[in-house]
Amino acid sequence: MARITASVYTSHVPAIGAALDLGKTAEPYWQPLFKGYEPSKQWMKDNPPDVIFLVYNDHATAFSLEMIPTFAIGCAAEFQPADEGWGPRPVPKVIGHPDLAAHIAQSVIQDDFDLTIVNKMDVDHGLTVPLSLMCGQPEAWPCPVIPFAVNVVQYPVPNGRRCYNLGQAIRKAVETYDQPLNVQIWGTGGMSHQLQGARAGLINRAWDNAWLDRLIDDPEAAAATPHIDYVREAGSEGIELVMWLIARGAMADVAGGPKPTLRHRFYHVPASNTAVGHVILENNV
């Protein structure tokens, strides 16, 4: 059977992609951030997955305010980088895994989670920036990727508990797939940031790091974090952190297995006007 071997958590700030694409990674402003991902790039080389299930949010490229699904799974054979207003990023197209995606959709929907099936869409920085941070600038991404888009843009958005439970359903689905695949699940977005209004530019280091502590060591407490706490403490866009809970809910310890091993933890501010958080957890089964 397939199994989830690890979970990866990272912010997906668009300016990070621009810094990579424009060759600015060695500049003093950006160098500390990219240095924090060097261990992660080596970890990826040492632990290559067969498939990445990547949780992210679309930024008005595949979806718009006219129609935003709460949860959408990409079942296509490939996904092109999106044009977000200044041309597509110069990164490889994303190769999908339609068979596993369809299997997960079937299982998760039968497990009472309503998913939107997407057979054609472009993918924006929410998905491509995490791939770049973890994989560098290859001619092709190292494995197929299943995009999983979550609405954290237009209220009402799903709560942390719902996302955490969804992660458990995804793990169950993966484990009933009849091919011996090594699957990693990535949760992206966040951490504290606010892009508009009187609190534009808000960053809350203390809250971010306390939330990372809970994510790693007490995911039930992280899942219980109410929406108002994200908004008050982490800014209007801090709600993106609920997507990390999908990945955390898919880990073995949530189902009574051994606690995961923390392989890397990194936190940096600022990147543009956003706090960047990053964690790698490995399952011990």
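Here is what the cut-offs are and how they apply
- Residues numbered from 1 in each chain as written.
- Predicted model: local features only at pLDDT ≥ 70, side-chain atom pairs only at ≥ 80, totals over all residues.
- Heavy atoms only, no water.
- Helix = DSSP H or I, 4+ residues; strand = E, 2+ residues; numbered from the N terminus.
- Rg over C-alpha atoms; globule rule 2.2 N^0.38 Å.
- Buried < 20%, exposed > 50% of the residue type's maximum accessible area, 1.4 Å probe, protein only.
- Contact = heavy atoms within 4.5 Å.
- Areas by Shrake-Rupley, 256 points an atom, 1.4 Å probe, with all protein chains shown as cover.
- Lys, Arg positive; Asp, Glu negative; His and termini not counted.
- Charge placed at Lys NZ, Arg CZ, Asp CG, Glu CD.
- Phe/Tyr/Trp six-rings, centres within 6.5 Å; stacked < 30°, edge-to-face > 60°.
- Pairing = 2+ DSSP bridges.
- Arc of directions from axis to C-beta.
- Core = buried A, V, L, I, M, F, W, Y, C linked by side-chain atoms within 4.5 Å.
- Polar contact = N/O pair within 3.5 Å; in protein donor to acceptor, adjacent residues only side chain to side chain.
- Salt bridge = Lys/Arg side-chain N within 4 Å of Asp/Glu carboxyl O.

1. Notes on the overall build of the protein
When its secondary structure is counted, the protein shows 10 helices and 10 strands. Over its C-alpha atoms the protein spans a radius of gyration of 17 Å, differing by no more than 12% from the 19 Å that the globule rule assigns to 285 residues. Per-residue burial over the protein gives 56% buried out of 285 residues. Considering only contacts in the protein between residues 6 or more positions apart, those separated by 24 or more positions represent 80%. A total of about 11,600 Å² of accessible surface is found on the protein, and carbon and sulfur atoms cover 52% of it. Of note, the protein has its 20 positive side-chain charges centred 6 Å away from the centre of its 30 negative side-chain charges.

2. Quick look at the packing of aromatic side chains
The full count for this structure, using the stated rule, is 9 aromatic pairs. Judged by centre distance (5.1 Å) and plane angle (80°), the rings of Tyr 29 and Trp 30 are edge-to-face. When its relative accessible area of 9% is taken as the criterion, Trp 30 is described as buried. An angle of 75° between the planes, with centres 5.8 Å apart, marks the rings of Tyr 37 and Phe 266 as edge-to-face.

3. What to know about the pairing of strand S9 (residues 261-271)
Each regular strand shows side chains that alternate between the opposite faces of the sheet. As defined by bridge partners, S9 adjoins strand S10 (residues 274-282) across 8 bridges and the pair is classed as antiparallel. Bridge pairing in S10 places Thr 261 opposite Glu 282.

4. Quick look at unusual backbone geometry
Residue Pro 156 is bonded to the preceding Tyr 155 through a cis peptide linkage, with omega at 5°. Here Pro 156 lies in the loop between strand S7 (145-150) and helix H6 (160-175). Cis peptide bonds are those with omega within 30 degrees of zero, and the linkage from Gly 190 to Met 191 qualifies with 5°. Along the polypeptide, Met 191 turns up in the loop between strand S8 (182-188) and helix H7 (205-217). A positive phi angle, near 65°, is found at Ala 60, a position not held by glycine. Residue Ala 60 is classed as exposed on the basis of its relative accessible area of 61%.

5. A few points about helix H3 (residues 38-46)
Looking at H3, one finds that the buried residues are Ser 40, Trp 43 and Met 44. End-on, the buried residues of H3 take up no more than an arc of 100°, which puts them together on one face. Residues of H3 that are exposed and point more than 90 degrees away from the buried face comprise Lys 45 and Asp 46.

6. A word on the nonpolar core
Of all hydrophobic cores here, the largest spans 58 residues; its most connected members are Phe 53, Ile 73, Phe 148, Trp 211 and Ile 246. When neighbours within four sequence positions are excluded, Ile 73 is seen to be in contact with Phe 53, Ala 101, Ile 104, Ala 105, Leu 115, Thr 116, Ile 117, Val 118, Ile 146, Pro 147 and Phe 148. Counting residues in each nonpolar core, the second largest holds 26 residues, with Ile 52, Ala 76, Val 118 and Trp 186 among its members.

7. Describing the environment of Tyr 230
In this fold, Tyr 230 is placed in helix H9 (residues 227-234). Residue contacts for Tyr 230: discarding those within four places in its chain leaves Trp 207, Trp 211, Ala 222, Thr 225, Gly 235, Gly 238, Ile 239, Leu 241, Val 242 and Leu 245. Separated by 3.4 Å, the side chains of Tyr 230 and Trp 211 make a polar contact.

8. Some details on the pattern of salt bridges
Under the defined criterion, the tally for this structure stands at 10 salt bridges. With a shortest N-O distance of 3.3 Å, Arg 232 and Glu 233 are connected by a salt bridge. We classify Arg 232 as partly exposed; its relative accessible area is 44%. The class for Glu 233 is partly exposed, based on a relative accessible area of 25%. Sharing partners across several salt bridges, the network here consists of Asp 229, Arg 232 and Glu 233.

Read these as layout, nothing more, since geometry by itself doesn't imply function.
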